[in-house]
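# Notes for the structure review
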Amino acid sequence: MAKPIPSPLYEKIPQKNTLHRALDLTIFFLLLSLLAYRLLSLKNNGFTWLLAFLCESWFTFIWILNVSTKWNPVSYKTYPERLLQCYRVDELPPVDMFVTTADPMLEPPIITVNTVLSLLAVDYPANKLSCYVSDDGASPLTFYALLEASKFAKLWVPFCKKYGIQTRAPFRYISRELLPSHDNSTEFLQEYRKIMGEYEELRRRIEDATLKSISYEFSTADFVAFSNIKKGSHPTIIKVILENKESRSDGLPHLVYVSREKDPKHPHHYKAGAMNVLTRVSGAMTNAPFMLNVDCDMYANNPLIFHHAMCLLLGSKNEQDCGFVQSPQCFYDGLKDDPFGNQLVVLYKYLGSGIAGLQGPTYSGTGCFHRRKVIYGLWPDGRMEIKGRSGKLTDERIQKTFGNSKEFTTTAARLLSGLSGISHCPYDLLNRVEAAQEVATCSYEYGTSWGTKAHGMRVVELDFLGIDRLVKSTCKSQIGWLYGTTTEDVLTGMRIHARGWKSTDCRPDPPAFLGCAPSGGPAALTQQKRWATGFLEILFSKNSPFIASFTAKLQFRQCLAYVWLISWALRSIPELCYLALPAYCIMAGSHFLPKVQEPAVLIPISLFVSYNFYNLFEYYGAGFSIRACWNNLRMGRITAVTAWLFGFFSVILKLLGLSETVFEVTKKDQSTTPGEGSDNDAGRFTFDGSLIFVPATTLLLVHLMALFTALLGLFDHVGIESRIGEIICSVWVVLCFSPFLEGLFGKGKYGIPTSSISNLLFTIAVAAAAP
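Residues numbered from 1 in each chain as written. Predicted model: local features only at pLDDT ≥ 70, side-chain atom pairs only at ≥ 80, totals over all residues. Heavy atoms only, no water.

Right, let's talk about the overall build of the protein for a bit. Of the regular secondary structure elements, the protein holds 26 helices and 16 strands. Taking all 771 residues of the protein together, the buried fraction comes to 57%. Contacts in the protein between residues far apart in sequence, at least 24 positions, make up 82% of those at least 6 positions apart. For the protein, the accessible area works out to roughly 32700 Å², and carbon and sulfur atoms hold 59% of it. (Helix = DSSP H or I, 4+ residues; strand = E, 2+ residues; numbered from the N terminus. Buried < 20%, exposed > 50% of the residue type's maximum accessible area, 1.4 Å probe, protein only. Contact = heavy atoms within 4.5 Å. Areas by Shrake-Rupley, 256 points an atom, 1.4 Å probe, with all protein chains shown as cover.)

So, in structure tokens, the structure goes:
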């Protein structure tokens, strides 16, 4: 039994934000003033005035969502040193760790290997940990890399724990220029040099395998399963690479390779499908009550992160207050001043803290600790979403919900009854492989509730003493990671919140996990497009937060926070229209701003100054420079009219039945040595032949043409002084799209393809010449 808790394991601390609230309200008042002025003068102005009013109404709505989300920020302070005062080491709960990868070309195996090694080396009893690596590409290269890494782990893990190494990803630790200063003994230096040599050998072998300098012996027992692999069509492959057979707390955790069955005739649901397979496979093999999932590039940066997470999961007086624990996404080797606006530090600092004060942070798809029973569909009050009409939780009804595997449904029922693990412990993982393979087939989910939307469901309160009652529910039966969107993480987290669970924010120092942010234009925009597409799919689905707020237990302000997030793609249309207005007004002799001599001109000027001061205030508070603030403002405009716009059209085409959305894997940077990417070109915007760059390039060319004609006085029917506001706005837009301006004259990957520029110039010229 756990000892009485002498002190709380964590504190929830409200943050003071008086100045922030004052700025929020000031900008809100100015937005309302501008809308009132538009309405009062609407009849005296034309189309541009109406369009500006509609766009500004949308911006005001988004600002309301923003203010609501940020209004009550909180932070969580954990006390990991108190955990072992409350629980003995053997009482700490087991955790199943999931690492997902899909393509060894886009996600190099050396990155996955470092993530796995960092997880195997965390400060937590090894006999309580199991690491499952999902390889959706069924790549022998990834499996080979893990095999080689398991040999290195036998040196690396003891070395880290013996000397208290804080950086547990070997490529980050070994790449440092100076030796750690805490131990310069002869023994340490000898082991350090040995570790360096072994890691370099590991890296060389994996690189040789990547370059196909070595061949796999497909006839061997390890690789025979990969001999007839075809992309998108292969059987289930599950390999136990490491097994802690003696259940030693100072040994190595289990390491299991999982590649689910794929068949072109069956949908695979991208990452959500892979996560559900990992959940079932781990349930059949180890069945830990808690699960951690990370992307293949997100290594464990804080060796005590499991202790921090357990403080939140075990320290809550009511389990309902902590359905899952989410750590913010943080990145290593971030470029100075965040030129691509994708380091997300300010977003998590202010918006993340604000939503933590509501029902809790959204699930971000990586760096998250889950309660397995919550993923299985359990409600905070002990009810459970299952199929059928009768009120009893029979074996037949469990199988209809979780599938026909007797071994897996037994472990699921065991976990839902408050137990964990496999009934016969200690157990042999190899003897569980057959049961695990059964739940990883393409057809296993048919007729079940895994990730699906099923009708005729009821919610049954779990009472394994025989007291069951039937309760109607508006929530359909859905368990596991949910399908129907490319952002399965946000949708799954929202459904957890809709059941009444809360989530908690975990931000230890140093950061819990670190990953690599996309570099360059194409990679950064591809990631944003996938997010925007998936978010909008949620908004237009039956899982919309509005529906969940009125029919389930999603709190109203938490609903507004979700709407702020999932409306990214919708923002592209008013953003594009508003950005195009200055150029249109210059060339059409119209205006959308009050004239300079009118007192009302102070409203948009004050709004412009206040909003930019607000952003400077936030970035300065997060420790960033003015240049970083400008880069993020600029990338915000670029992203809206490129990635978000394409995300919007992708969803519209899907709704019309003309196409399906596709999960696009973001290319991971393979840089594993210091100094790489630190050259002068590292922060330059890059281009390719993708259509995603067309709208922004077109917008830039239109503004350049408008400024050119205004300066030459080609539209002399309207004086330039009456359009000074529009000209200033047009210059501002050109500055925001300065990376594209540089791209017009750049070469290679730093230049916009000449063919694209020629076609755009021809189109714009024809449009301008039209009567």
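Don't stop here, the text continues.
Our focus in this paragraph is the sheet that holds strand β7 (residues 290-295). In spatial order, the strands read β5-β6-β4-β3-β7-β11-β9-β15; together these eight strands make up an open sheet with mixed pairing. For this open sheet the edge positions go to β5 (237-242) and β15 (503-505), each flanked by a neighbour on one side alone. In this sheet, neighbouring strand axes are inclined to one another by 20° on average, regardless of whether the strands run parallel or antiparallel. (Pairing = 2+ DSSP bridges. Axes fitted to C-alpha atoms, helices over the stretch in contact; angles between N-to-C directions.)

For the rest of this paragraph, the subject is the pattern of salt bridges. Between side chains of opposite charge, a pair can form as their charged atoms come close. Taken as a whole, this structure holds 26 salt bridges when the rule is applied. Between R88 and E91 there is a salt bridge whose closest N-O contact spans 3.5 Å. On the basis of relative accessible area, R88 is assigned to the partly exposed category, the value being 41%. K654 is the salt-bridge partner of E537, the closest N and O atoms lying 2.9 Å from each other. Here K654 lies in helix α22 (residues 643-655) and E537 lies in helix α16 (residues 521-539), a separation of 117 residues in the sequence. (Salt bridge = Lys/Arg side-chain N within 4 Å of Asp/Glu carboxyl O.)

Attention shifts here to the packing of helix α4 (residues 109-120) against helix α7 (residues 186-210). One can describe the packing of α4 onto α7 by two numbers: an axis separation of 10 Å at closest approach and a directional angle of 140°. Looking at the two axes, α4 sits oblique to α7. With respect to the hand of their crossing, α4 and α7 are arranged in right-handed fashion. Residues P109, I110, V113, N114 and L117 of α4 lie in contact with α7, whose contacting residues are Y199, L202, R203 and I206. Per-class residue counts for the contact of α4 with α7 are seven nonpolar, one polar and one charged. (Parallel < 35°, antiparallel > 145°, perpendicular 65-115°, else oblique. Left-handed = near helix turned anticlockwise from the far one by under 90°. Nonpolar A, V, L, I, M, F, W, Y, C, P; charged D, E, K, R; others polar.)

What follows deals with a nonpolar patch on the surface. Residues L602, I605, F608, V609, V731, W732 and L735 make up a contiguous nonpolar surface patch of roughly 630 Å² in combined accessible area. Going through the elements one at a time, α20 (602-621) and α24 (724-736) are the ones with two or more residues in the nonpolar patch. With four residues, α20 is the largest single contributor of residues to the nonpolar patch. Considering the arrangement of structural elements, one finds W732 in helix α24. (Patch = residues over 30% accessible without salt bridge, like charges linked within 9 Å, V, L, I, M, F, W, Y side chains within 5 Å.)

Before going further, it helps to spend a moment on the pairing of strand β3 (residues 95-101). Burial analysis of β3 places seven of its seven residues in the buried class, which makes it a mostly covered element. The alternating pattern of β3 places V95, M97, V99 and T101 on one face and D96, F98 and T100 on the opposite face, and all of these are buried. Of the strand pairs in this sheet, β3 and strand β4 (residues 129-135) are connected by seven bridges, and their pairing is parallel. Its bridge partner being in β4, T100 is matched across the sheet by S134. With respect to chirality, the unit in which β3 leads through α4 into the neighbouring parallel β4 is right-handed. Where β3 lies against β7, six bridges are found, and the strand directions are parallel. Its bridge partner lying in β7, T100 is registered against D295. (Right-handed = clockwise from strand over helix to strand, strands pointing away.)

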